[in-house]
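What follows is each chain in one-letter form.
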Amino acid sequence: MVTARSAHLTRRVLQLYIGLALYGVSSALLVRGGLGLEPWGVLHQGLAERTGLTIGVVSIIVGALVLLLWIPIRQRPGLGTVSNVFVIGIAMDGTLALVPDVHGLGAQIPVMIVGIVLNGVATGLYISARFGPGPRDGLMTGLHRLSGRSIRLVRTAIEVAVVATGFVLGGSVGVGTVAYALAIGPLAQLFLRVFAIPDQHGGSTVVARGTPEQAILRG
């Protein structure tokens, strides 16, 4: 017999892995759109250009290295943290293998829009599952806690450094990068509410004020 508790856990696990897989798909669509990537995607693409590795493999390596930075800042990973490292990169490479490049703004703009919106959906899904933040989000919240600086400042500093480094290495920065930066906060906040999973007492555990996830998204 399926209990309410096991059904609750099953939903959380499904949301986690569907969300992470869709995040990888959305990142791949931004690559195929060719109009600019999300900040960390710029770095991953730049490193891929320099190393000859696939962008998905680079994403996995960078995620693992960022996770190592959690040790000195005393962040604790969860199932979602470790899964984030691998699932997104695998889904991204799988999508890139199936979806060809698109050409012409008439095709590129819709692909970019779908990629950004899907990224918001994916973010809402996997954060709502509450299995721990991704390596990059955890780095932000950990530095925020240690430095006393605002999440907005820490996030901005990290992402500016990431975009600049990725651009120098050959990553794609463009209108898609700007559109992503402007849209992802509102989109993710919307989908956090859509996919919020009530706790065992019937209250939402995702949209409560003051959670690290909300602080990151408000940026």
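Read on for an overview of the structure. Remember, predicted model here, so these are calculated numbers, not experimental data.

Definitions and cut-offs
- Residues numbered from 1 in each chain as written.
- Predicted model: local features only at pLDDT ≥ 70, side-chain atom pairs only at ≥ 80, totals over all residues.
- Heavy atoms only, no water.
- Helix = DSSP H or I, 4+ residues; strand = E, 2+ residues; numbered from the N terminus.
- Buried < 20%, exposed > 50% of the residue type's maximum accessible area, 1.4 Å probe, protein only.
- Contact = heavy atoms within 4.5 Å.
- Areas by Shrake-Rupley, 256 points an atom, 1.4 Å probe, with all protein chains shown as cover.
- Axes fitted to C-alpha atoms, helices over the stretch in contact; angles between N-to-C directions.
- Parallel < 35°, antiparallel > 145°, perpendicular 65-115°, else oblique.
- Left-handed = near helix turned anticlockwise from the far one by under 90°.
- Nonpolar A, V, L, I, M, F, W, Y, C, P; charged D, E, K, R; others polar.
- Salt bridge = Lys/Arg side-chain N within 4 Å of Asp/Glu carboxyl O.
- Phe/Tyr/Trp six-rings, centres within 6.5 Å; stacked < 30°, edge-to-face > 60°.
- Lys NZ or Arg CZ within 6 Å of the ring centre and 35° of its normal.

Take the overall build of the protein chain next. The helix and strand inventory of the protein chain stands at 10 helices and zero strands. Put simply, the protein chain runs from its N terminus to its C terminus through helices and strands in the order α-α-α-α-α-α-α-α-α-α. Buried residues in the protein chain amount to 49% of all 219 residues. A sequence separation of at least 24 residues applies to 80% of the contacts in the protein chain between residues at least 6 apart. As displayed, the protein chain offers around 10700 Å² of accessible surface, 69% of which is attributable to carbon and sulfur atoms.

In this section: the packing of helix 7 (residues 135-147) against helix 8 (residues 151-169). Between helix 7 and helix 8, whose axes approach to 9 Å, the crossing angle comes to 125°. Between helix 7 and helix 8, the interaxial angle falls into the category oblique. Both helix 7 and helix 8 take part in a crossing whose hand is right-handed. Of the residues in helix 8, those in contact with Leu139, Met140, Thr141, Leu143, His144 and Ser147 of helix 7 are Ile151, Val154, Arg155, Ile158 and Glu159. Looking at the contact of helix 7 with helix 8, its residues break down into six nonpolar, three polar and two charged.

The next point concerns the pattern of salt bridges. Inspection of the entire model under this criterion finds two salt bridges. Here arginine 32 ties to aspartate 101 by a salt bridge, and the two come within 3.0 Å at their closest N and O atoms. In this pair, arginine 32 is assigned in helix 1 (residues 4-33) and aspartate 101 in the loop between helix 5 (79-98) and helix 6 (105-128), connecting sequence segments 69 residues apart. Judged by its relative accessible area of 17%, arginine 32 falls in the buried class.

Let's shift gears to the packing of aromatic side chains. What the rule picks out here adds up to two aromatic pairs. Each ring, one from tyrosine 23 and one from tyrosine 126, has its centre 6.1 Å from the other, and the planes form 75°; the classification is edge-to-face. In this pair, tyrosine 23 sits in helix 1 while tyrosine 126 sits in helix 6, placing the two residues 103 residues apart along the sequence. Tyrosine 126 shares its class with tyrosine 23; the two are buried. With a centroid separation of 6.1 Å and 20° between ring planes, the pair formed by phenylalanine 191 and phenylalanine 195 is classed as stacked. Sitting over the face of the ring of phenylalanine 131, arginine 12 holds its NZ or CZ atom 4.2 Å from the ring centroid. Sitting above the plane of the tryptophan 40 ring, arginine 136 keeps its charged end 5.2 Å from the centroid.

In this section: the environment of proline 135. With respect to the element layout, proline 135 can be found in helix 7. For proline 135, a relative accessible area of 0% translates into the label buried. Sequence separation between proline 135 and alanine 64 is 71 residues; the distance between their C-alpha atoms is 7.8 Å. In contact with proline 135, other than residues within four places in its own chain, are Gly63, Val66, Leu67, Trp70, Thr81, Asn84 and Val85.

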